[in-house]
Amino acid sequence: MAQKEVAGRGEQAALSVSISMPSSPSGAAFSAAMKLPEQDPKQGKSFRSQPVTARAAEQCGHRDKRFDPFKTWSGRLERQLSNLRGKPQDLDCGGGGEDQDGEAVPAVDRYFDALEGPELETLRVSEVSILPEDETWPFLLRFPISSFGICLGVSSQAILWKMLADSPSAGYLHVTPIVNLALWSASIAMTAIVSCIYLAKVVLYFEAVRREYHHPVRVNFFFAPWITGLFLVLGAPDSLAAGRPPVAVWFVLMAPILCLELKLYGQWMSGGQRRLSKVANPSNHLAIVGNFVGALAGASLGMEEAPMFFFAVGLAHYLVLFVTLYQRLPTNETLPKELHPVFFLFVAATSTACVAWARINGEFDYAARIPYFMAMFLYVSLAVRINFFRGFRFSLAWWAYTFPTTAFSIATIKYSMVVTNPLTQSLVVFFSGISAFAVCVLSISTIFHAFILRDLFPNDIPIAIANKRRPKLSKFIVHLRSIGSDTKDTEQALEV
Amino acid sequence: MAQKEVAGRGEQAALSVSISMPSSPSGAAFSAAMKLPEQDPKQGKSFRSQPVTARAAEQCGHRDKRFDPFKTWSGRLERQLSNLRGKPQDLDCGGGGEDQDGEAVPAVDRYFDALEGPELETLRVSEVSILPEDETWPFLLRFPISSFGICLGVSSQAILWKMLADSPSAGYLHVTPIVNLALWSASIAMTAIVSCIYLAKVVLYFEAVRREYHHPVRVNFFFAPWITGLFLVLGAPDSLAAGRPPVAVWFVLMAPILCLELKLYGQWMSGGQRRLSKVANPSNHLAIVGNFVGALAGASLGMEEAPMFFFAVGLAHYLVLFVTLYQRLPTNETLPKELHPVFFLFVAATSTACVAWARINGEFDYAARIPYFMAMFLYVSLAVRINFFRGFRFSLAWWAYTFPTTAFSIATIKYSMVVTNPLTQSLVVFFSGISAFAVCVLSISTIFHAFILRDLFPNDIPIAIANKRRPKLSKFIVHLRSIGSDTKDTEQALEV
Amino acid sequence: MAQKEVAGRGEQAALSVSISMPSSPSGAAFSAAMKLPEQDPKQGKSFRSQPVTARAAEQCGHRDKRFDPFKTWSGRLERQLSNLRGKPQDLDCGGGGEDQDGEAVPAVDRYFDALEGPELETLRVSEVSILPEDETWPFLLRFPISSFGICLGVSSQAILWKMLADSPSAGYLHVTPIVNLALWSASIAMTAIVSCIYLAKVVLYFEAVRREYHHPVRVNFFFAPWITGLFLVLGAPDSLAAGRPPVAVWFVLMAPILCLELKLYGQWMSGGQRRLSKVANPSNHLAIVGNFVGALAGASLGMEEAPMFFFAVGLAHYLVLFVTLYQRLPTNETLPKELHPVFFLFVAATSTACVAWARINGEFDYAARIPYFMAMFLYVSLAVRINFFRGFRFSLAWWAYTFPTTAFSIATIKYSMVVTNPLTQSLVVFFSGISAFAVCVLSISTIFHAFILRDLFPNDIPIAIANKRRPKLSKFIVHLRSIGSDTKDTEQALEV
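Residues numbered from 1 in each chain as written. Chains lettered and ligands numbered in written order. Predicted model: local features only at pLDDT ≥ 70, side-chain atom pairs only at ≥ 80, totals over all residues. Heavy atoms only, no water.

Caption draft 1: Seen up close, the overall build of chain A. When its secondary structure is counted, chain A shows 21 helices and two strands. Here chain A, with 496 residues, has 58% of them falling under the buried criterion. Element-wise, carbon and sulfur atoms account for 64% of the exposed surface of chain A, whose accessible area totals about 20100 Å². (Helix = DSSP H or I, 4+ residues; strand = E, 2+ residues; numbered from the N terminus. Buried < 20%, exposed > 50% of the residue type's maximum accessible area, 1.4 Å probe, protein only. Areas by Shrake-Rupley, 256 points an atom, 1.4 Å probe, with all protein chains shown as cover.)

Now the structure itself:
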């Protein structure tokens, strides 16, 4: 259905444009497209995505230039090369305008205006994408930063199974350390692959990365690679990590986290548009969790003060985020209206805070119990609302929502080491089972979507919103689209 | 005055209906009332509350059927019985329509739209009650869940006097344990009576209970019976409680608290309409205090982990609630605009948290002092604004606002046991005196209202709001009512 | 530029008035001004500030009566005196009307409506001042409560240098205690001078003080004198403070802080218009910091419970404020849109909380590290946004923004005493250097503005807003002003 709608949308977009310029023959339209970038470069971009210009592009050369604005080297590099060769280029092929466009990322308000859904992942009916919606984009453009969620999910499983193998309170389970080794190796491989691909995206499609970075929800996933790194440090099999990993690794991983935090938290407090009362979303927990995981990893490596620094920063900001999310301010535009898997991230911060504090402090005291029991309450509170899995389409981001359950299982193991009794030991088995089950289900879903349905990486709409809204045209599109939709949708669209 | 207004309102409502159907003779109006439920069952209900239909009801049979929609068994049971007897019934007496109505509880927005006042207890001028406002309803319908406030007040006094008798720092007062025994017995009796009556209401008028449960302020009082139970456990005289009460009692009392919390806090975080930024109100403290009282009672019974669980849950949610209430978000529609006795509940959570922590931790440390001193500041801060008792009508809910002062007195006794000096000993006497005085004043007021004025249980308007607003009629009613009101009220009404 | 605008504004105001009463000769206008106070006393006030009435005032007597409404004794005292002398007075000199005016302070909404800027210090274009904007007011009227910021800055420096001289971890710096003595003496002198001048203002222009007290930002500076006093207690040179200062001094300083807190926090929680979600502003930190400084000073004097009381109160309210400021609620009307030196106050509360806790608890434990590292993060977070010093006009209030950096330096010294290593010792030097540098720069700026530019105390516009907005006149003024302004400003003004 979603596939169909996307296709339908593409047709309508084409229709709208052909109506807005009814009598222009192909050539005139093409020259119009060539001129428009001077007036409004964004309009130009989307015009180029129309069949008319596509045909023109084909006539002009063999390369599809519609994705050029997102390419890092497009134009700039080639122009330099051709300038070396003494040949003026791109003048008649519509390749100009990238450089000046390259600067402009949509303002944060545009993301809220143009997108909808709990992860701001769907284009509103009144908007048009600046990339062709009716065909599959280049793979790298479709490869989102949230893919690192897989690494988070698998590497946290590796830690869980390491804990299960090591913990005396789970000793009766006789878990073999080989599971940890296997999972850890898998996550190393997975992380390497995902990192390489995303690095390629950074190199080749920097504009796309920039747009993900400015996306209010997506930006939180930029913490994921570094948290994954910390998970790999924490989950390293004892057999391999004969000596502890060098402390330098920790600093290398925490540096980007600190920089991202300075940027993101600073925006909350003092920035113009990205005020917390507007952008607060459960995915912000990813931006908090890094502190606690970093504190835990640092304490595991024998440091004292630096972990405490991150713990303090995490605690203060978690407090703010927790209150803000619980309040559900009406200005929190991205907060999912109803329950959604993203809410499981609530469990992540409290669980990791608990384990981190127990590690820093050296014992699982009352201060560690408070976040632990809080995590338990939140977990149960979410779990009893069981029907939240209905009606949501599978998304790669779900992987990020498995690691909270894993983190809670780890905290439960820690807790059962202090309070060892059949109840806590059952809790360990129960929650570890749920966590492992969730990862299995997601693995199968992912493989199914990747290899059977081949839709694991759909077009990444959020990066393709136009920088400005075109008032008249969009109204017209709403009208056109409303014809095909059911009555209720129409009414909603007209209200927009 | 309030009585008069209610009566006046009833007349106007009657007037409005007779005007909206000016020329219909009694019979036609009656048949209209009979038909209306099909179109808009709520309208039908309120029509039935008019004199015209009342007369019709009298003609039809001896039983007043206007309260049937709130009855649990009404229609359903009788119909079953009469079906057994082979007699069709209720067909010509307008008793139909209850079953389908029974499902519908007003949406949360309706409570905010239709009611006003710090406890959302008064009908707005633009609204009509679906139950007759001009006569006294059946006793059970007028018996609100907030009646458990009396039990809270008396049973917490029992604890206070037990502490005064036991505490070494208050030893010079020579308080006899008999006061505790008397108060505890009284609260046992009171709790039994109130519970029985409310149980009868649950059985006989389940719809009324359901509507109280959906009332944004009233729902918090559903915690009161269980907190009272915990108070009774804590306040049990030493002579009676030779052995500690069995731990099972604690679990029985905490189970409903946990369920209510899962429901209520879950609504704050993930529910649609009942977001905390909208429903936050000092009465929410009742929903928090249960955790701390439960933690205290659990720790008193010798448990360790379960009390800590509730303490952690209480702490996290108290934090959120405290910040939210202090901010006074403009979206907090139920927050009293000005000072009101309900604000004393602010003192309750901090006081009980202090005592609970001191008990869990085994000593009155800095972590216990922080909530204690916070409670003291809040107490003083409220007390210096002394004129807040002016202009408020006595209400049963006030009883719930005495237990915070009692809880603070108990915390003061605990504190004076650690820091024993003339100042803290004077504080004990001073605050215990205020608390006892408040309970005495309220007891006298309650008896006065119950037996002299006979208005202790006025019609419980909040349960009788219509599910939908009737736009045209209500405007007309506003107009009609405005004629009788003073100018300022008129202007307000027209603005609605 | 600002000077010029003020002057221009004054002319326009005069123009607007002469246009609103075009044909009145001097005498008629004067009598109108005399009559108007009965109808709208505030209008009368501003009319008196016109040249026409000024001339009349000159004719009437030698004393400039335009500032009389702000004078404490004006009219009242003189009338009493002259009544003693048996002479009716002020009848024909327009001195009447002050008494009834004296009661009226602008409502809090007026401050938001009439003023703009991060400190609500500039008159909006649509408003007129009730005092003449085109000439220099009496010195006392221009002497704001924020002048105590200088005392805060210098006296906190005295503490810093005392710490540097005393601390073993900074021993290698060989700081002489004479610096502390000099700074402390300077701050004693400065505090005495500023206090005397402000006391004179209280005595002579009580109305102006009252208006500062009702100003949502300015009111926080009323904590400054008492915090300065605490700083002087803490920074007293060891040579002078042979014995500790008597505990009574602490109580004398904390009493007004407690009273102000009861007033201010009470307004946040239960007041009508001054709800925290509206007035929250970084300057509120001044209202919090007093608690921590008081706790520190009290603990230094050997007390135990009273400091803990203030620490608890400070902690609870800091929590609320921290969350509220971080959220940047859209209703927070006074929150600076962009970065501003006032944000440094964020560092103040956490730093002082850290030092206070370390002192109360007797050791720099984890609980002290959390606020310390939080302060460090906030400091860095603000410092990396280095361009916030651009585009802001120097203001006396800046002095208040130096003491947070000093407080953080002191916390760093405390920290380096526990974790002594080259890094922490370098941090001490680094942050102390920044703090001292900031104070030097501000001292030079202040001297430059005071003696060279002679504009250290510009007209204190915020106290001169009219109590009511005059709808028609103000629109007209907007129109008039817009002629002289650039187009963008005009558009903004028209939108108002």
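Caption draft 2: Summary view of the packing of aromatic side chains. Here the structure, examined in full by the defined rule, presents 102 aromatic pairs over all chains. A centroid spacing of 5.4 Å and a plane angle of 75 degrees characterise the contact between Tyr366 of chain B and Trp357 of chain C, whose relative ring orientation is edge-to-face. In this pair, Tyr366 of chain B sits in helix 17 (residues 366-383) while Trp357 of chain C sits in helix 16 (residues 345-361), so the two residues belong to two different chains. We classify Tyr366 of chain B as partly exposed; its relative accessible area is 28%. Taken together, a centroid distance of 4.8 Å and an interplanar angle of 90 degrees make the contact between Phe408 of chain B and Phe431 of chain B edge-to-face. Of the two residues, Phe408 of chain B sits in helix 18 (residues 403-418) while Phe431 of chain B sits in helix 19 (residues 422-453), which places them 23 residues apart along the sequence. We classify Phe408 of chain B as buried; its relative accessible area is 0%. (Phe/Tyr/Trp six-rings, centres within 6.5 Å; stacked < 30°, edge-to-face > 60°.)

Caption draft 3: Seen up close, the interface of chain C and chain A. Contacts between the two partners involve 27 residues from chain C and, on the opposite side, 34 residues from chain A. Taking both partners together, chain C and chain A bury about 2700 Å²; carbon and sulfur atoms supply 71% of that area. Looking at the side of chain C facing chain A, the largest losses of area belong to Tyr326, Gln327 and Phe377 of chain C, adding up to 26% of the total buried there. Scanning the region where chain C abuts chain A turns up one salt bridge. For Glu305 of chain A, the salt bridge is made with Arg369 of chain C, and the minimal N-O distance between the two is 2.8 Å. Our enumeration of links across chain C and chain A arrives at 11 residue pairs in polar contact (both at pLDDT 80 or more). Secondary structure elements with two or more residues in the side of chain C that touches chain A: helix 15 (305-327) and helix 17 (366-383) of chain C. (Contact = heavy atoms within 4.5 Å. Buried area = accessible area lost by both parts, 1.4 Å probe. Salt bridge = Lys/Arg side-chain N within 4 Å of Asp/Glu carboxyl O. Polar contact = N/O pair within 3.5 Å; in protein donor to acceptor, adjacent residues only side chain to side chain.)

Caption draft 4: Up close: the interface of chain B and chain A. Contacts between the two partners involve 34 residues from chain B and, on the opposite side, 27 residues from chain A. Between chain B and chain A lies a buried interface of about 2700 Å² when both sides are counted; carbon and sulfur atoms form 71% of it. Area buried by chain B at its contact with chain A is led by Leu262, Met269 and Glu305 of chain B, which between them contribute 27% of it. For the pair chain B and chain A, the interface holds one salt bridge. Only helix 12 (247-270), helix 13 (276-279), helix 15 (305-327) and helix 16 (345-361) of chain B provide two or more residues apiece to the side of chain B that touches chain A. Considering only residue class, the side of chain B that touches chain A consists of 19 nonpolar, 11 polar and four charged. (Nonpolar A, V, L, I, M, F, W, Y, C, P; charged D, E, K, R; others polar.)

Caption draft 5: Local environment of the relation of the copies chain C and chain A. Rotating chain C by 120 degrees and translating it 0.0 Å along the rotation axis places it on chain A, where the RMSD comes to 0.0 Å. Such a combination of turn and shift is consistent with a three-fold rotation axis. Judged by C-alpha distance, Val323 of chain C is the residue of chain C that lies nearest the rotation axis, at 4.4 Å. In this assembly, only 15% of the residues forming the interface of chain C have copies in chain A that are likewise at the interface, indicating a heterologous arrangement. (Least-squares fit on C-alpha atoms with pLDDT ≥ 70 in both.)

Caption draft 6: Examining the pattern of salt bridges more closely. Per the counting criterion, the structure on display carries 21 salt bridges over all chains. Notably, a salt bridge pairs Asp238 of chain B with Lys162 of chain B, separated by 3.8 Å at the nearest N-O pair. Here Asp238 of chain B, found in the loop between helix 11 (224-235) and helix 12, pairs with Lys162 of chain B, found in helix 8 (residues 148-166); they are 76 residues apart in sequence, far enough to count as distant. Linking Glu207 of chain C and Arg211 of chain C is a salt bridge whose minimum nitrogen-to-oxygen distance equals 3.1 Å. Taken together, the residues span about one helical turn, with Glu207 of chain C and Arg211 of chain C both in helix 10 (residues 206-214) at a distance of four residues. A single burial state applies to Glu207 of chain C and to Arg211 of chain C, both of which are buried. One connected set of salt bridges, linked through shared partners, spans Lys201, Glu212, Arg218 and Asp460 of chain A.

Caption draft 7: Broad picture of the side chain of Thr228 of chain A. Residues and elements named next belong to chain A. Among the secondary structure elements, Thr228 is positioned in helix 11 (residues 224-235). Given a relative accessible area of 0%, Thr228 falls into the buried group. In this structure Thr228 touches Phe148, Cys151, Leu152, Ser155 and Thr191, once residues within four positions along its chain are discounted.

Caption draft 8: Examining the relation of the copies chain B and chain A more closely. Least-squares fitting of chain B to chain A yields an RMSD of 0.0 Å, with the transformation described by 0.0 Å of translation along the axis and a rotation of 120 degrees. Counting the interface residues of chain B, we find that no more than 12% of their copies in chain A are interface residues as well, pointing to two distinct contact surfaces.

Caption draft 9: Structural detail: helix 9 (residues 177-204) of chain C. Residues and elements named next belong to chain C. Over its 28 residues, helix 9 runs 40 Å from end to end, which matches the ideal 40 Å to within 8%, given 1.5 Å per residue. Of the positions making up helix 9, those classed as buried are Asn180, Trp184, Ser187, Thr191, Val194, Tyr198 and Lys201. For helix 9, the secondary structure elements touched by its buried residues are helix 8 (148-166), helix 10 and helix 11 (224-235). (Expected span 1.5 Å × (residues − 1).)

Caption draft 10: Here's a closer look at a nonpolar patch on the surface. On the surface, a nonpolar cluster with roughly 540 Å² of combined accessible area is contributed by Ile447, Phe448, Phe451, Ile452 and Leu453 of chain A. Among the secondary structure elements, Ile452 of chain A is positioned in helix 19 (residues 422-453). (Patch = residues over 30% accessible without salt bridge, like charges linked within 9 Å, V, L, I, M, F, W, Y side chains within 5 Å.)

Caption draft 11: Summary view of the environment of Phe344 of chain C. By the secondary structure assignment, Phe344 of chain C is in the loop between helix 15 and helix 16. In the structure, Phe344 of chain C is positioned 45 residues away from Ala299 of chain C in sequence and 26 Å away in space, judged by C-alpha atoms.

Caption draft 12: Here's a closer look at the packing of helix 12 of chain B against helix 14 (residues 285-300) of chain B. All names here are of chain B. Interaxial distance between helix 12 and helix 14 falls to 10 Å at its minimum, and their mutual angle equals 150 degrees. In terms of orientation, helix 12 and helix 14 fall into the roughly antiparallel class. In this structure, helix 12 meets helix 14 at a crossing whose hand is left-handed. Contacts between helix 12 and helix 14 pair Trp250, Met254, Ile257, Glu261, Leu264, Tyr265 and Trp268 from the former with Ala287, Ile288, Gly290, Asn291, Gly294, Ala297 and Gly298 from the latter. Here the contact of helix 12 with helix 14 is composed, by residue class, of nine nonpolar, four polar and one charged. (Axes fitted to C-alpha atoms, helices over the stretch in contact; angles between N-to-C directions. Parallel < 35°, antiparallel > 145°, perpendicular 65-115°, else oblique. Left-handed = near helix turned anticlockwise from the far one by under 90°.)

Caption draft 13: Seen up close, the environment of Gln157 of chain C. All names here are of chain C. Relative to the helices and strands, Gln157 is located in helix 8. C-alpha separation for the pair Gln157 and Ser409, spaced 252 residues apart in sequence, amounts to 9.7 Å. In this structure Gln157 touches Leu183, Thr406, Ser435, Ala436 and Val439, once residues within four positions along its chain are discounted.

Caption draft 14: Focus on the side chain of His449 of chain A. Residues and elements named next belong to chain A. Relative to the helices and strands, His449 is located in helix 19. A distance of 2.8 Å separates the side chain of His449 from the side chain of Asp455, its partner in a polar contact. The residues contacting His449, other than those within four sequence positions of it, are Phe394, Arg454, Asp455 and Leu456.

Caption draft 15: Broad picture of the environment of Phe394 of chain C. Residue and element names in this part refer to chain C. Position of Phe394 among the secondary structure elements: in the loop between helix 17 and helix 18 (403-418). Distance from Phe394 to Ser445, taken between C-alpha atoms, is 8.0 Å for residues 51 residues apart in sequence. With sequence-adjacent residues up to four places away left out, Phe394 is seen in contact with Leu442, Ser445, Thr446, His449 and Leu456.

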